[in-house]
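# Structure at a glance
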Amino acid sequence: MKGNKYKIIVLTFCCLFILNTTGCSKNIDSNTDGNSVTSAVSQVSKSTTTSSENKYIIPKQSQEELYQDIFNTLLSPYIQKSINNYYEKYLTIFPTYSPDYVEILNIERPMGYRTFSFLIKLQVKTYVGPHVDIGVDQLTIRVSEDGKVTVEKFEHIKDYFNELPENLKGIVKK
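Residues numbered from 1 in each chain as written. Predicted model: local features only at pLDDT ≥ 70, side-chain atom pairs only at ≥ 80, totals over all residues. Heavy atoms only, no water.

## As for the environment of Ile104
With respect to the element layout, Ile104 can be found in strand 4 (residues 103–108). With relative accessibility at 4%, the residue Ile104 sits in the buried group. (Helix = DSSP H or I, 4+ residues; strand = E, 2+ residues; numbered from the N terminus. Buried < 20%, exposed > 50% of the residue type's maximum accessible area, 1.4 Å probe, protein only.)

## Concerning the pairing of strand 5 (residues 118–128)
Along strand 5, 9 of the 11 residues are buried, which leaves the element largely enclosed by surrounding structure. Note: strand 3 (residues 96–97) against strand 5, 2 bridges, orientation antiparallel. Looking at the pairing, Thr96 lines up with Tyr127 of strand 5. Pairing geometry for strand 4 and strand 5, over 5 bridges, is antiparallel. Within strand 5, the position partnered with Glu108 by the bridge is Leu119. Looking at chain direction, strand 5 and strand 6 (residues 132–143) are connected through 11 bridges and run antiparallel. In the sheet register, Val128 faces strand 6, and the bridge partner there is Val132. Where strand 5 folds back onto strand 6 in an antiparallel hairpin, the turn is made up of 3 residues, including Gly129, whose phi is positive at roughly 55°. (Pairing = 2+ DSSP bridges.)

Spatial relationships are all this shows, so hold off on functional conclusions.
Below, the structure is given as structure tokens:
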């Protein structure tokens, strides 16, 4: 267990380091102390849509893509548990998500520059069956300096329950 915490801390640090050093960061907040770095993947948006001109696309088979995939994989159990907790009230089955459909909206260092506590805001698209979209959700995850991972907030943004094909309508609880 201690090894997993260490891996998460190291991986998070590596991701932030790479995003900063590769020059792909879209914006650094006007705070001169560096408390908050806006993610290289995209800007946090008040709406659920992201303008394609503002969205950073990670080059395929790049180091960035590799690190983001590792990062998403390490957070996967926490994301899936939150998805299950939300959707069990509405569906008879648990939807899933694909780590390659995770959008990193924002990463902050709430304790200041060069501290190793992170606040990560993600958006995930959930699906059932053969990738039939069921919803869009945002999670805020805290990774503390000791490697503890906590989902602090789960926001359901949109669902597609009414748009399900006939063969899947039965999974929606009445």
